[in-house]
Amino acid sequence: MRASRLQDERGMALAVTLFALVIIGTLVAGTFFSGRLEEQSGSNTIYAAQAAEAAEAGISDGIGTTTAPSLLALTVGGLPSNPVTVSLGSRVDATRQISRLTSSVFMIRSTGTRRNGPGAPLATRTTGTLVRLVTPRLLMRGGLSAIGQITVTGNATVSGIDTTPPLWTGAGVECPPEADKAGVVYNGTLTQNGSSVITGNPPKQSDPTMNPGNQLGGTGFSQLKNLATLILTSNISGIGPAVSNSAPPTCNTLVQNNWGAPLNTASPCFNYFPIIYHYGDLSISGSGAGQGILLVEGNLNVQGQVSFFGPVIATGSVNVRGTGTDDVKFYGGIIASDVQLDDNRLSGNATVLYSSCANRRALQGSGVVTRLAQRGWVQLY
Amino acid sequence: MASRRGFTLIEVMISLVIMLMVMGAVYKLILSSQRLAREQAERVNLQSNVRIGSLAVLADLRELNTATGESAGNNDILAKDVSSITYRAMRGAGYICQAPTATQVRISRISFSGYRDPLATRDSLYVFYDGDPDTETDDTWLPVAITAVSTATACPAGAGITLTTSNKDSLVGLASGTPVRFFEVMELKLHQADGSSWLGARSVSAGEAVQPVLGPLVNDSGFVLKYLNAAGAETADRTAIKSILVTLRGISEGAVNVGIGGAPTRVQDSLVSQIMLRNSFRP
């Protein structure tokens, strides 16, 4: 009988406990859910920030690595460049394209993406930056222009006749001809002797108005050196292109004596035009060829089998000396204070040829990609 | 049936007391859990509020242009103090799709990217003026008032947006592809309404009144701006500002019991963010 009484008893402890557990469980679940939501919201904010920073990095990378020739190859109002994707570490990358808006203004559009483990995008952000090419401006008055004393002797040749470098003809390089210029423009004394040759239109031109303030045209030497992309720290013995072993091979612009590859149209360095600057006297010896703009804040001494394609500017004197069977050749022109073009051996030559094509390519190719000074950064939606 | 006996009074009373104690404990537990849940929800709302507000403020200030020594047109911060800022807020960008006249600029729809379409009177236009394409020294942005907008127009290569502008002779001759940007003048400030502090915003160029957009914030110190120059030092010179330190201090809408047995109080949270002005990279 006792057992049957117990079986018949009805309590409410279990019901109360279950009720309490349900209520408490619901509250805990709600708290957990809202906390989880907050955590996810915070994570999304982080992903968005990472994507935005990746987009910025894509812009910076574009400004730092895009060369002037690649920009100039784009058509105004035409299709943008091929997309370039930069990996920025684990699960973050940026893809950029460049459009040419006008002859001198370009838009870099960069989309940064934060991905999950399998690679699906978690957040993307797009920004743009308006950039332009800052191209040095130079007034090339002739093959050679100098203030002070000019000596052309030995077998040296100076020409103001517009000359296209032979290898560039038919290599896809546009070289519209320009008017010939004077062979030598000077404000000082010009001495010519030996078997030297000066040609041009006219061959020799005295310009008493030329002075250090206007010799380069609208651009000052200090402005040019501020655009330098290759700062030399010592004299140079031998110049030539440096190509990395990567696939595809790229031009290694960090090498001091890599001044481009003007004589090899297939080289990755063929379109590399550094603005080369050296403070103090600079000696170039050995052999090789380079291109760009050579700026020397001091005296420039060149000796050996050296060719240079583009303007050469020295605030001091320029001494060019052929050595027997070797040649020193300049396609572009020389601007300096005093110039000595000498060739002590009969079989050697020191040659300066005015070349509008070499100068134009060097000036355009050495243009620096820079953000617009004002309002260049654009939030894209 | 007659042999069965019921509970005695003592048994019933003891049962009732035990049940009351259990129910009291359960009630207390539920109450604590409920308070915790409410506090958590308030904190989540508060943090979301502050974070969203911070993101919105930073996004609006990020594109500001400042430049020491430049004209007023190149300095987008028009007025500032510790709890308010008036500035040109960029709202979109695009490219001209055909040569403009002195009173008309047409933007390619394909190139256009904006927060919204331009609005007459409320928005103004900046048109890039290249001058000599071989030099950057004469580059500038021409400010132009927008008097009418038509979005049902066409460019040579697709849809376009036609902006009728105030007369500006210097627009004539600009090339197709020239970049443009449009903006409105905005004010952000700590705003008092309904006895609370809010982040208030208004379009100055549209003549709007300040509207609360986020809050509530802590009175007096809910929205604090600190203006820094290139060296990271605080500056009073609007043209020298390179970054802005934005502090948002939010406060919960309702009072919550913090911890077990804590007195009801409104919880606070803050977020400090520093935004570098992207168009002020030059010294």
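### Re the overall build of chain A
Then comes step 1: Looking only at helices and strands, one finds 5 helices and 23 strands in chain A.
Then comes step 2: What you see for chain A is a C-alpha radius of gyration of 33 Å, clearly larger than the 21 Å of a compact globule of 381 residues, by over 25%.
Then comes step 3: Dimensions along the principal axes, computed over C-alpha positions, put chain A at roughly 145 × 40 × 35 Å.
Then comes step 4: With 381 residues in all, chain A has 49% of them scored as buried.
Then comes step 5: Total accessible area on chain A stands at roughly 17,000 Å², and carbon and sulfur atoms take up 54% of it.

### Considering the packing of helix H2 (residues 13-65) of chain A against helix H1 (residues 9-61) of chain B
Then comes step 1: Remark: H2(A) packs on H1(B), axes separated minimally by 10 Å, with the N-to-C direction vectors making an angle of 15°. On the basis of their axis angle, the class for H2(A) and H1(B) is roughly parallel. Here the hand of the crossing between H2(A) and H1(B) comes out left-handed.
Then comes step 2: Class assignment for the residues of the contact of H2(A) with H1(B) results in 13 nonpolar, 11 polar and 2 charged.

### Section: the pattern of salt bridges
Residue and element names in this part refer to chain B.
Then comes step 1: Taken as a whole and judged by the stated rule, the model has 22 salt bridges over all chains.
Then comes step 2: Taking the shortest distance from any N to any O, the salt bridge between Arg 109 and Asp 117 comes out at 3.0 Å.
Then comes step 3: Where salt bridges share partners, they join Asp 60, Arg 91, Arg 116, Arg 122, Asp 123, Glu 184 and Glu 208 into one cluster.

### Digging into the side chain of B:Thr239
Residue and element names in this part refer to chain B.
Then comes step 1: Within the fold, Thr 239 resides in the loop between strand E11 (223-228) and strand E12 (243-251).
Then comes step 2: Look at Thr 239 and you get buried, because its relative accessible area is 19%.
Then comes step 3: Here Asp 237 takes part through its side chain, which lies 2.8 Å from a polar atom of the side chain of Thr 239.

### What about the interface of chain A and chain B?
Where the parts come together, the accessible area they lose is often given as the size of the interface.
Then comes step 1: Listed by partner, the interface residues are 40 residues for chain A and 51 residues for chain B.
Then comes step 2: Both faces considered, chain A and chain B share a buried interface measuring about 4,000 Å² in area, 57% of it formed by carbon and sulfur atoms.
Then comes step 3: Three residues stand out in chain A for area buried against chain B, namely A:Gln374, A:Arg375 and A:Trp377, and they jointly supply 21% of the buried area on that side.
Then comes step 4: B:Asp139 is the salt-bridge partner of A:Arg132, the closest N and O atoms lying 2.7 Å from each other.
Then comes step 5: Here chain A is connected to chain B by 17 residue pairs in polar contact (both at pLDDT 80 or more).
Then comes step 6: Elements represented by at least two residues in the side of chain A that touches chain B include exactly helix H1 (2-8), H2, strand E3 (105-115), strand E4 (121-134), strand E22 (368-371) and strand E23 (377-379) of chain A.
Then comes step 7: Top element by residues in the side of chain A that touches chain B is H2(A). It accounts for 14 residues.
Then comes step 8: A class-by-class count of the residues in the side of chain A that touches chain B yields 17 nonpolar, 14 polar and 9 charged.

### Description of helix H5 (residues 356-365) of chain A
Residue and element names in this part refer to chain A.
Then comes step 1: Burial analysis of H5 places 8 of its 10 residues in the buried class, which makes it a mostly covered element.
Then comes step 2: Of all the residues in H5, the buried ones are Ser 356, Cys 357, Ala 358, Asn 359, Arg 361, Ala 362, Leu 363 and Gly 365.
Then comes step 3: Residues of H5 that are buried sit in contact with helix H3 (68-72), strand E14 (287-291), strand E15 (293-297), strand E17 (305-314), strand E19 (327-336) and strand E21 (349-354).

### Examining the pairing of strand E12 (residues 275-279) of chain A
Residues and elements named next belong to chain A.
Then comes step 1: Burial within E12 is extensive, with 4 of its 5 residues counted as buried.
Then comes step 2: Examined bridge by bridge, strand E10 (residues 230-231) and E12 share 2 bridges and lie parallel to one another. Residue pairing for E12: Leu 230 is matched across the bridge by Ile 276.
Then comes step 3: As judged from the 5 bridges shared by E12 and E15, these two strands associate in the parallel manner. By the bridge assignment for E15, His 278 is matched with Val 296.

Cut-offs and rules
- Residues numbered from 1 in each chain as written.
- Chains lettered and ligands numbered in written order.
- Predicted model: local features only at pLDDT ≥ 70, side-chain atom pairs only at ≥ 80, totals over all residues.
- Heavy atoms only, no water.
- Helix = DSSP H or I, 4+ residues; strand = E, 2+ residues; numbered from the N terminus.
- Rg over C-alpha atoms; globule rule 2.2 N^0.38 Å.
- Buried < 20%, exposed > 50% of the residue type's maximum accessible area, 1.4 Å probe, protein only.
- Areas by Shrake-Rupley, 256 points an atom, 1.4 Å probe, with all protein chains shown as cover.
- Axes fitted to C-alpha atoms, helices over the stretch in contact; angles between N-to-C directions.
- Parallel < 35°, antiparallel > 145°, perpendicular 65-115°, else oblique.
- Left-handed = near helix turned anticlockwise from the far one by under 90°.
- Nonpolar A, V, L, I, M, F, W, Y, C, P; charged D, E, K, R; others polar.
- Salt bridge = Lys/Arg side-chain N within 4 Å of Asp/Glu carboxyl O.
- Polar contact = N/O pair within 3.5 Å; in protein donor to acceptor, adjacent residues only side chain to side chain.
- Contact = heavy atoms within 4.5 Å.
- Buried area = accessible area lost by both parts, 1.4 Å probe.
- Pairing = 2+ DSSP bridges.

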